[in-house]
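For reference, the chains in residue letters:
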There are 2 protein chains.
Amino acid sequence: RAERPKPIKGVPFVPYVLIGGGTASYSAMEAIREAQPDAQILIISEEEFVPYQRPPLSKELWFGEASNKDLIFKDWQGNERGLFYLPKEAFNIMTPDQIKLLGTNPTKVQYLANAKVVKLNPEDQTVTLANGSRIQYARVLIATGGTPKTLPAFETLSPEAKSRVMTYRGIEDFKRLEQIAHGKKTIAVLGGGFLGSELAVALAGESGTRIVQAFPEDGNMGLVFPRYLTKWTTALLGRLGIDVKTQADLSAVVEKDDYLELQFNNGVTVEADYVVQAVGLMPNQKFAEASGLEIDAARNGIVVNAELEARTNVFAAGDVTSFHDVTLGRRRVEHYDHAVMSGRLAGFNMTGAKKPYTHQSMFWSDLGPKVGYEATGIVDAKLPTMGVWAKGPHDNLFDDIGFEEFGKGVVFYLSPEKKVLGVLTWNVFGKMDLARKIIREGKVHTDVDALAKLFGINSA
Amino acid sequence: RAERPKPIKGVPFVPYVLIGGGTASYSAMEAIREAQPDAQILIISEEEFVPYQRPPLSKELWFGEASNKDLIFKDWQGNERGLFYLPKEAFNIMTPDQIKLLGTNPTKVQYLANAKVVKLNPEDQTVTLANGSRIQYARVLIATGGTPKTLPAFETLSPEAKSRVMTYRGIEDFKRLEQIAHGKKTIAVLGGGFLGSELAVALAGESGTRIVQAFPEDGNMGLVFPRYLTKWTTALLGRLGIDVKTQADLSAVVEKDDYLELQFNNGVTVEADYVVQAVGLMPNQKFAEASGLEIDAARNGIVVNAELEARTNVFAAGDVTSFHDVTLGRRRVEHYDHAVMSGRLAGFNMTGAKKPYTHQSMFWSDLGPKVGYEATGIVDAKLPTMGVWAKGPHDNLFDDIGFEEFGKGVVFYLSPEKKVLGVLTWNVFGKMDLARKIIREGKVHTDVDALAKLFGINSA
Ligand SMILES: Cc1cc2nc3c(=O)[nH]c(=O)nc-3n(C[C@H](O)[C@H](O)[C@H](O)COP(=O)(O)OP(=O)(O)OC[C@H]3O[C@@H](n4cnc5c(N)ncnc54)[C@H](O)[C@@H]3O)c2cc1C
Ligand SMILES: Cc1cc2nc3c(=O)[nH]c(=O)nc-3n(C[C@H](O)[C@H](O)[C@H](O)COP(=O)(O)OP(=O)(O)OC[C@H]3O[C@@H](n4cnc5c(N)ncnc54)[C@H](O)[C@@H]3O)c2cc1C
Ligand SMILES: NC(=O)c1ccc[n+]([C@@H]2O[C@H](COP(=O)([O-])OP(=O)(O)OC[C@H]3O[C@@H](n4cnc5c(N)ncnc54)[C@H](O)[C@@H]3O)[C@@H](O)[C@H]2O)c1
Ligand SMILES: NC(=O)c1ccc[n+]([C@@H]2O[C@H](COP(=O)([O-])OP(=O)(O)OC[C@H]3O[C@@H](n4cnc5c(N)ncnc54)[C@H](O)[C@@H]3O)[C@@H](O)[C@H]2O)c1
């Protein structure tokens, strides 16, 4: 049980305060309720929505029926699912001015929507909202995720021109982009990482809409995939009708009458009606930094130990967190499974479990319904890799880019001593526990074919 | 009160276990006793001695009476003092095989001498000794300090030659070097940092003994002082009779009949009967690393948060600790005041205080009885500095090296935006609180003369 701190007059007290309304926060809430079914919990979120999952926003929601008004979608197995974890009614939703009602022993989790935390004081155990009001906690979680980065070239545009430029993170963004996508115009997606590549593929399905994707790397997912797979992926996106511009660093944006001209350092020019920036994420760490918590100078994020604890009674989880991975060293991870599992552990530790984060998180991504991959550990294109490939099913559409050649496979990311630091499986699913075991063991591997066989891949 | 973990059969339990018998550990012991006078504490030390202070080992002990058998010395004010914090009798001293007697509610602090901790298990809250026996704790402190580094050129020497080479950290080393120093031979001190410079000055007082000091930098304290002060200090050491070889990186050691020939990369050769290596410190962190605790990749040391906590119930203090300095960012500090104050805070936090380490530690050093300096914050020769100087007392001995010119002064170490990150006062004492205030305020300073006036220095 969390001890109650010294009360402060006029400041309401809630034992468990979770900052952020995303996946990590929601998962912590679940864990706390599992450990202490009657625990009083308050979630504070800048969003107006109750917690939801983001991955379908760049995948399933684009491949289902014509309209997604209710944010219901079919997953790849054909099951109908919703974006929200729980209906609104499962929460006791309040606004910042209803703060006096806090901590009155509710049976539901209290949810403060449209509320921004601007300060945290570990000394008197309070958080301060943008409207100045304070809330006292026994234990607090910071799970504020991140905000999409933006490129400086867009900053000086007129308001009209700016209205043609967006970033992509939440439900509002999905609704806006869906509308734009139906307009049979040219959309430029900037960025060749997870989001840019998934969105380009998703948008390519919209008939009459032209998709251009541009980014500085040599090919899609160039910071993650080995080079040959990057090249192949870029060819695939070309096949899907996407005009991919590689080695293209944005140098200027010129406002035209009713479109934008994007100029790149390599001489390429793109005329776009709309622009989606998918150029990385900046952790929402400012208020934590201003509150004296440590920020990781090398990789951004709030510094926590292996128990996801920053200071006594202060925890962090999800995208915003730089944590000590006991197997692979200090890291920050921006993926869904990590948000779930670090959120859960933080929740349990907030109830006193005191356990280290030993879960090796995985992630998945899809490039349309026909190509999917999963990965765990450190998958960084800067590391040496060893890949083993097998033929996949024949598909006319992709014949001439060697769809069969890279039908399915496994890529091992190696340390200089040839320990396996990361594993990526390509059109092979459900092998992440095996991959985790290999990474955890930390053995030196020289026979990669033998390893690949464990994943069901027999090289020719 | 620390909760008792789940008992393990045959494993004795002590609520507070302090690993290391140095200053940080001793200070933690004091703090725990202040907070909980009847607390049961066990100190485990690799040394055979009870806790003592190291600073006099390279200073006062060399300038006092002829013999220091009892490790009694006069401080610069003339007061007689001892090296040990407390007499042996203040502890309940035991050996590793007396471990069954642990935790039997002693009134004295229990002290396990000549015992090395080789493992720490945060899960079942045990430490393991080199002899295999385990002890269970409620809270544990790691205050294992460091081991002097050594140069590879000495590693391949014969045993006879090796017996002419030493490092310098503890009482045994003092006794050995004192004997050597009386032998009217040539002693080479390698290293131009704190220890090398202090020891060279200390040894220079031994009549008939020749002292050579060699190091890679341009002058003494070259990694700390601004360049002009480094040059001046090297001139001072020359005046004291020390043969200082700058820009001298050891490349080879040749064994001669009854001496060693040291060959440096700049062509310089030194014939020495004895060699003292003072080439930096390596934190004693191996067992912690093997136990899954995080090691700071950039600066070494066990990673702890601002409360000096590594994991729940696991704290670290002193030289071995990489901590979050809320004012100046992550650091590791190898000085006495830091060992005392971080040890004290860790002790208090082990009893439940949960306070951040906001003390900005200071250090001092002496180059003989006539020159002393104090400093706080980040004093790194790589930073831009601003120094203000005033004439000191006239001294014939040092006339021609400008003793008066650098009689007393203050050096400010600045950030790129001209915030004061560190302050060094030269022959000016007792101004560290003022310096701390300036660093804490974090203001941009352009009028350095005005700042210097606060320190009692009026530039000409
Ligand atoms: C379109 C899209 C698709 C994705 N697809 C995948 C995928 O296929 N696979 C995968 O592994 N990962 C995927 N991800 C990544 C995954 O969604 C994230 O890693 C995950 O959402 C991180 O969860 P989080 O709780 O840490 O942060 P978030 O989900 O970003 O939640 C943070 C919350 O904190 C709130 N907040 C921020 N600052 C404050 C403040 N000061 N006060 C109050 N509230 C605040 C925010 O409004 C938000 O509600 C995808 C991400 C996106 C955007
Ligand atoms: C000669 C000398 C002069 C100095 N002069 C000054 C000065 O003038 N001013 C200043 O500010 N600083 C000075 N210092 C530095 C200062 O003494 C140190 O910063 C301070 O001693 C650090 O304290 P500590 O407790 O962290 O480590 P230590 O004092 O090194 O204590 C560590 C203890 O841990 C024990 N230990 C290590 N590993 C294990 C293990 N696995 N199991 C059990 N026990 C273990 C060691 O045997 C030792 O007893 C000087 C240092 C030296 C050597
Ligand atoms: N399947 C998944 O796991 C998945 C899917 C979608 C989104 N996400 C997450 O959403 C967040 C945002 O995704 P993202 O793709 O923006 O981030 P990312 O880190 O995956 O990719 C960043 C990309 O930004 C691009 N970039 C950087 N500087 C640029 C510049 N000057 N001009 C043009 N492009 C530039 C690069 O192409 C780089 O690949 C990330 O946290 C990501 O992990 C994850
Ligand atoms: N007054 C004080 O605060 C004080 C006094 C004595 C000792 N100490 C502490 O004792 C420890 C040991 O002191 P130290 O002087 O060895 O460490 P230091 O870090 O102060 O100095 C290291 C020195 O090693 C030398 N060096 C590095 N590589 C070398 C090489 N290849 N060949 C020759 N020299 C090389 C350099 O000259 C450098 O200045 C440190 O923790 C120090 O802080 C502190």
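Draft legend 1. Looking closely at the site of ligand 4. Residues and elements named next belong to chain B. Inspection of the region around ligand 4 gives 22 residues, with Glu217, Gly280, Glu334, His335 and Trp364 positioned closest. Trp364 places a main-chain nitrogen or oxygen 2.8 Å from a nitrogen atom of ligand 4. A total of 830 Å² of accessible area belongs to ligand 4 in isolation, and the protein chains cover 80% of it. Elements supplying a minimum of two residues to the shell around ligand 4: helix H5 (194–203) and strand S25 (362–366). Element by element, the count of residues in the shell around ligand 4 is highest for H5, at four residues. Across the shell around ligand 4, the residue classes break down as 10 nonpolar, seven polar and five charged.

Draft legend 2. Molecular detail of the packing of helix H1 (residues 23–35) of chain B against helix H8 (residues 336–350) of chain B. Residue and element names in this part refer to chain B. With their axes 7 Å apart at the nearest point, H1 and H8 run at an angle of 40° to one another. Crossing of H1 over H8 shows right-handed handedness. Within the contact between the two elements, H1 uses Thr23, Ala24, Ser27, Ala28, Glu30, Ala31, Ile32, Glu34 and Ala35 and H8 uses Tyr336, Ala339, Val340, Gly343, Arg344, Gly347, Phe348 and Met350. Each residue belonging to the contact of H1 with H8 can be placed in one class, and the counts come to 10 nonpolar, four polar and three charged.

Draft legend 3. Up close: the packing of aromatic side chains. Following the criterion strictly, the structure yields 38 aromatic pairs over all chains and no others. Geometrically, the ring pair formed by Phe49(B) and Phe84(B) is tilted, given 6.2 Å between the ring centres and 40° between the ring planes. Of the two residues, Phe49(B) sits in the loop between strand S2 (41–44) and helix H2 (60–63) while Phe84(B) sits in the loop between strand S4 (80–82) and strand S5 (91–94), which places them 35 residues apart along the sequence. Look at Phe194(B) and Phe363(B): their rings are 5.1 Å apart centre to centre, the planes differ by 85°, and that puts the pair in the edge-to-face class. Taken together, the residues Phe194(B) in helix H5 and Phe363(B) in strand S25 connect sequence positions 169 residues apart. With a relative accessible area of 7%, Phe363(B) lands in the buried category. By the ring-pair criterion, three or more aromatic residues cluster together here, those being Phe225(A), Tyr228(A), Trp232(A), Tyr373(A), Trp389(A), Phe406(A) and Trp426(A). The side chain of Arg164(A) reaches across the aromatic face of Tyr274(A), ending 5.7 Å from its centre.

Criteria and thresholds
- Residues numbered from 1 in each chain as written.
- Chains lettered and ligands numbered in written order.
- Predicted model: local features only at pLDDT ≥ 70, side-chain atom pairs only at ≥ 80, totals over all residues.
- Heavy atoms only, no water.
- Near = heavy atom within 4 Å.
- Polar contact = N/O pair within 3.5 Å; in protein donor to acceptor, adjacent residues only side chain to side chain.
- Areas by Shrake-Rupley, 256 points an atom, 1.4 Å probe, with all protein chains shown as cover.
- Helix = DSSP H or I, 4+ residues; strand = E, 2+ residues; numbered from the N terminus.
- Nonpolar A, V, L, I, M, F, W, Y, C, P; charged D, E, K, R; others polar.
- Axes fitted to C-alpha atoms, helices over the stretch in contact; angles between N-to-C directions.
- Left-handed = near helix turned anticlockwise from the far one by under 90°.
- Contact = heavy atoms within 4.5 Å.
- Phe/Tyr/Trp six-rings, centres within 6.5 Å; stacked < 30°, edge-to-face > 60°.
- Buried < 20%, exposed > 50% of the residue type's maximum accessible area, 1.4 Å probe, protein only.
- Lys NZ or Arg CZ within 6 Å of the ring centre and 35° of its normal.

Function-wise, these values are silent; they only describe arrangement.
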